[in-house]
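Residue-level structural notes
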Amino acid sequence: MEASRGMLLLAAALLGYVATASAAKCSMLGFCDNKNKLPCIYNGVPKPVTDESARTIMKEACGDYFSIHGDSLCCDAAQIKELAKQVKALEEVGLRRCEACYANFQKLLCNMACSPHQGDFLRVVHYDDEPHEVAEHVSFYVDYKTLRNIYGSCINPKKFLRFLPLSFAYCGQDYQNCTMNLWYGALGKRRAGLTSVDVTFEPVDQEAIFTGLREYRPFKDSMYGCNETVSGKTCACEDCEAVCEDADDAVKTAPLST
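Just so we're clear, the structure is a prediction, and the values are computed from it rather than from any experiment.

Cut-offs used in this document
Residues numbered from 1 in each chain as written. Predicted model: local features only at pLDDT ≥ 70, side-chain atom pairs only at ≥ 80, totals over all residues. Heavy atoms only, no water. Pairing = 2+ DSSP bridges. Helix = DSSP H or I, 4+ residues; strand = E, 2+ residues; numbered from the N terminus. Contact = heavy atoms within 4.5 Å. Disulfide = S-S within 2.5 Å. Buried < 20%, exposed > 50% of the residue type's maximum accessible area, 1.4 Å probe, protein only. Phe/Tyr/Trp six-rings, centres within 6.5 Å; stacked < 30°, edge-to-face > 60°. Axes fitted to C-alpha atoms, helices over the stretch in contact; angles between N-to-C directions. Parallel < 35°, antiparallel > 145°, perpendicular 65-115°, else oblique. Left-handed = near helix turned anticlockwise from the far one by under 90°. Nonpolar A, V, L, I, M, F, W, Y, C, P; charged D, E, K, R; others polar. Salt bridge = Lys/Arg side-chain N within 4 Å of Asp/Glu carboxyl O.

**So, the pairing of strand 2 (residues 38-41)**
Of the strand pairs in this sheet, strand 1 (residues 28-33) and strand 2 are connected by 3 bridges, and their pairing is antiparallel. Each bridged residue has a counterpart across the sheet, and for Phe31 the counterpart in strand 2 is Pro39. If you look at the hairpin formed by strand 1 and strand 2, you'll find 4 residues sitting between the two strands, and Lys37 has a positive phi there, around 55°.

Here's what the structure looks like:
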């Protein structure tokens, strides 16, 4: 009888833990290591961003984010300023050569850093059993199609990779055989300048996964194709095979002159 009661109490405790963990909206908030810009682990609710300069910077870096997600986010003013530098770095690594690619990766970075639902898809990872206050490594659970669409908007399959110097640096000498996993693996490293922590992008092809007694729901959003016009700009044919195909179709359907 006592054993059964103990098992029931354990099950109830585990269920309570899962429910509590699932209710937490953030995984990180603020910097606990200001020198290295490493965020604090924070399993709580989003907090209002009231700093007006930070709100202005957020709009410049991530567009109308407050209008879409509200005033309470999983990042503070200092993190927003750092995020703006990371979004700017997208240009430095060549990802703004195609505006659709840039806009897609921008959306990914802004949500990873600040989404009020961050705790649903971002898990802080440690490689020991010691208590920690600072996040250094995270797993970012992302819908497989979302990751694939971002990759597709940045990669010209006909040319394998459009940015040769970037491809060589990130995928090694055999850059023509670069894969989506290699590409995200390289961009997720802190040294790439796009994140404050080392990020492992985890593609997920189901509605939810369970790990560490937690349910995680992958980040999912619509993404631009490289042949779509974004902010008045369209990728060049040399950077997007679909643009070349659209141009070929236009030529084929054009009426013959008489």
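**As for the environment of Thr146**
With respect to the helices, strands and loops of the structure, Thr146 is situated in helix 7 (residues 144-154). For the pair Thr146 and Leu108, spaced 38 residues apart in the sequence, the C-alpha separation amounts to 9.5 Å. In contact with Thr146, other than residues within four places in its own chain, are Phe219, Lys220, Asp221 and Met223.

**Here's the deal with the state of the cysteines**
Simply put, the disulfide is a covalent bond whose two ends are the sulfur atoms of two cysteines. Per the stated rule, a full pass over the model turns up 8 disulfides. With its sulfur 2.0 Å from that of its partner, Cys101 forms a disulfide with Cys154. An S-S torsion of about 95° defines the bridge between Cys101 and Cys154 as right-handed. Of this pair, Cys101 sits in helix 5 (residues 99-114) while Cys154 sits in helix 7, and the two are 53 residues apart along the sequence. One exposure class covers both Cys101 and Cys154, and it is buried. Linked covalently through their sulfurs, Cys226 and Cys240 form a disulfide whose S-S length is 2.0 Å. Across the S-S bond linking Cys226 and Cys240, the dihedral sits near 65°, which makes this disulfide right-handed. Of this pair, Cys226 sits in the loop between strand 9 (214-216) and helix 10 (241-253) while Cys240 sits in the loop between strand 9 and helix 10; the two residues are 14 residues apart in sequence, bridging distant segments of the chain.

**Side note on the side chain of Gln86**
The residue Gln86 is located in helix 4 (residues 77-92) in this model. Residue Gln86 is classed as buried on the basis of its relative accessible area, which comes to 7%. Here Gln86 is in contact with Leu109, Gly193, Leu194, Thr195 and Ser196, once residues within four sequence places are set aside.

**So, the packing of aromatic side chains**
Applying the stated criterion across every chain, the model contains 10 aromatic pairs. Ring centres 5.5 Å apart and planes at 65° place the aromatic pair Phe121 and Phe219 in the edge-to-face group. One end of the pair, Phe121, is in helix 6 (residues 118-121); the other, Phe219, is in the loop between strand 9 and helix 10, with 98 residues separating them in the sequence. The residues Phe121 and Phe219 share a single accessibility class, namely buried.

**Observations concerning the packing of helix 4 against helix 5**
In contact at an axis separation of 10 Å, helix 4 and helix 5 are set at 160° when each is read in the N-to-C sense. The orientation of helix 4 relative to helix 5 falls into the category roughly antiparallel. The two elements helix 4 and helix 5 meet at a crossing, and its hand is right-handed. Note on element contacts: helix 5 touches helix 4 through Tyr102, Phe105, Gln106, Leu109, Cys110, Ala113 and Cys114, opposite Ile80, Leu83, Gln86, Val87, Leu90 and Glu91. Its residues assigned to classes, the contact of helix 4 with helix 5 comprises 10 nonpolar, 2 polar and 1 charged.

**Observations concerning the packing of helix 2 (residues 52-62) against helix 4**
Two elements in contact, helix 2 and helix 4, have axes separated by 9 Å at closest approach and are oriented at 25°. When the axis of helix 2 is compared with that of helix 4, the two are roughly parallel. Seen from above, helix 2 lies across helix 4 with left-handed handedness. Mapping the contact onto sequence places Ser53, Ala54, Ile57, Met58, Ala61 and Cys62 in helix 2 and Ala77, Ile80, Lys81, Leu83, Ala84 and Val87 in helix 4. Considered class by class, the residues forming the contact of helix 2 with helix 4 number 10 nonpolar, 1 polar and 1 charged.

**Description of the pattern of salt bridges**
Here the structure, examined in full by the defined rule, presents 8 salt bridges. Put simply, Lys59 and Asp64 hold a salt bridge, and the shortest N to O gap is 3.9 Å. Assessed through its relative accessible area of 53%, Lys59 is described here as exposed. When the shortest N-O distance is used, the salt bridge between Lys85 and Glu82 registers 3.9 Å. Of this pair, Lys85 and Glu82 both sit in helix 4, separated by 3 residues, roughly a single helical turn. The network of salt bridges with common partners includes Lys88, Glu91, Arg96 and Glu99.

Just distances and angles here, no functional claims.
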